[in-house]
Amino acid sequence: MKILFLGDVMGRAGRRAVTERLAKLREAWKLDFVVVNGENATSGHGLSGSHAKGLFDAGADVVTLGDHAFDQKDMLTFCEQDKRIIRPLNFAKGAPGAGAQVFTDGRGRKILVAQVLGQVFMKRAFDDPFSAVDTVLRKYPLGGAVHATLIDVHCEATSEKMAMGHWCDGRASVVVGTHTHVPTGDAQILQKGTAFQSDAGMCGDYNSVIGMNKEEPMRRFITGMVKGRFEPANGDATLSGLYVETDDRTGLATRVQMVREGGRLMQSTPLDGV
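Structural notes, computed from the coordinates. All values reported here derive from a predicted model rather than from experimental measurement.

1. Observations regarding the pairing of strand E14 (residues 253–261)
Then step 1. Here strand E13 (residues 239–246) pairs with E14 via eight bridges, running antiparallel. Its bridge partner being in E14, Val-244 is matched across the sheet by Val-256.
Then step 2. Between E13 and E14, which pair antiparallel and follow one another directly, the connecting turn spans six residues, one of which, Gly-251, has a positive phi of 80°.

Pasting the structure below:
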């Protein structure tokens, strides 16, 4: 199976990058399944229902959220109506929507998609992400109940993401980090066959401070004073993510490669052989 995961979509620039590029990549790379993290797609703060529909129309099969899952109030009802939206597993117990769901690709293969929030350096304490993921993986064993499993680990600390990767090694096809908006250079297949990258980066304008216009974040760092709101940068955006191929029998990864398309972080060499 050929799977593409795209990192946090950041504001209008990120949405534009997905809209302009994803359909072409699906066709050129013959992708079977696409997961997009959309939790910053609406003005950098959450995801609205209309913008979620835009990501699906652009070619996403599933959209994951994060700690800003319900910043846009209509998502409280939209994620109940559209099961292709995945919110964090370990969010508030009464939260609407689902933190894990099994989907079917165009060839009838089953794909489990789940998301979990980390605990380290996050603004609020969430339930234990490791036990939450373990419960789901035991319910849907790889190579048995599902042909592939993708876990989106929405964390601040790279160490926590790495620990989750090793915790899931051999039990998930892909464990990929989101949240920091900064791509890491550690894409790899772990010892037991799980594809891993600490952070996929963002789909957004990298001429920014993690996707926001530079002036206000810089002012706050330099002076300690707030003058205005953070606003997403709206220049040429890079599509950032992770490409993974899996074995249909075992569900384990056979290939992994970072993806950089357009913008300031354009990958110097194209994705070969797909």
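2. A closer look at helix H4 (residues 129–139)
Every α-helix carries 3.6 residues per turn, so stepping three or four residues along brings you back to the same face.
Then step 1. Those residues of H4 not exposed but buried are Pro-129, Ala-132, Val-133, Asp-134, Val-136 and Leu-137.
Then step 2. Of the surrounding elements, those touching the buried residues of H4 are strand E6 (100–104), strand E7 (110–117), strand E8 (148–154) and helix H5 (158–168).
Then step 3. For H4, the N-terminal capping position is held by Asp-128, with its side-chain oxygen 3.1 Å away from the main-chain nitrogen of Phe-130.

3. Some words on the side chain of Glu-245
Then step 1. Note on placement: Glu-245 falls in strand E13.
Then step 2. Within polar-contact distance, the side chain of Glu-245 engages the side chain of Tyr-243 at 2.5 Å.

4. Some words on the pattern of salt bridges
Then step 1. Applying the stated criterion to the full structure yields 13 salt bridges.
Then step 2. With its nearest N and O atoms 3.1 Å apart, the salt bridge here joins Lys-93 to Asp-127. You can see Lys-93 sitting in the loop between strand E5 (85–86) and E6 and its partner Asp-127 sitting in the loop between E7 and H4, a full 34 residues away along the chain.
Then step 3. For Lys-93, a relative accessible area of 76% puts it in the exposed group.
Then step 4. Residue Asp-127 is classed as partly exposed on the basis of its relative accessible area, which comes to 37%.
Then step 5. In this structure, Arg-138 and Asp-134 form a salt bridge, with 2.8 Å as the shortest nitrogen-oxygen distance. Within this pair, Arg-138 and its partner Asp-134 are both found in helix H4, separated by four residues, close to a single helical turn.
Then step 6. Residue classification places Asp-134 among the buried positions, given a relative accessible area of 13%.

5. Let's talk about the packing of helix H1 (residues 11–29) against helix H2 (residues 49–58)
Then step 1. At a minimum axis separation of 8 Å, H1 and H2 run at an interaxial angle of 20°. Taken together, the axes of H1 and H2 are roughly parallel relative to one another. The element H1 and its partner H2 pack so that their crossing is left-handed. Only His-51, Leu-55 and Ala-58 of H2 make contact with H1, whose side of the interface consists of Arg-15, Val-18, Thr-19, Leu-22 and Ala-23.
Then step 2. Tallied by class, the residues present in the contact of H1 with H2 amount to five nonpolar, two polar and one charged.

6. Points about the sheet that holds E6
Then step 1. As summarised here, the arrangement of the six strands in space is E6-E7-E8-E9-E11-E10, forming an open sheet in which the pairing is mixed. Unpaired on one side and paired on the other, E6 and strand E10 (188–189) mark the two borders of the sheet.
Then step 2. The pairing of strand E9 (residues 174–178) with strand E11 (residues 195–197) spans three bridges and is classified as parallel. Note on E11: the bridge partner recorded for Val-176 is Gln-197.

Quick notes on the rules
- Residues numbered from 1 in each chain as written.
- Predicted model: local features only at pLDDT ≥ 70, side-chain atom pairs only at ≥ 80, totals over all residues.
- Heavy atoms only, no water.
- Pairing = 2+ DSSP bridges.
- Helix = DSSP H or I, 4+ residues; strand = E, 2+ residues; numbered from the N terminus.
- Buried < 20%, exposed > 50% of the residue type's maximum accessible area, 1.4 Å probe, protein only.
- Contact = heavy atoms within 4.5 Å.
- Polar contact = N/O pair within 3.5 Å; in protein donor to acceptor, adjacent residues only side chain to side chain.
- Salt bridge = Lys/Arg side-chain N within 4 Å of Asp/Glu carboxyl O.
- Axes fitted to C-alpha atoms, helices over the stretch in contact; angles between N-to-C directions.
- Parallel < 35°, antiparallel > 145°, perpendicular 65-115°, else oblique.
- Left-handed = near helix turned anticlockwise from the far one by under 90°.
- Nonpolar A, V, L, I, M, F, W, Y, C, P; charged D, E, K, R; others polar.

Purely spatial values, then, with no claim about function.
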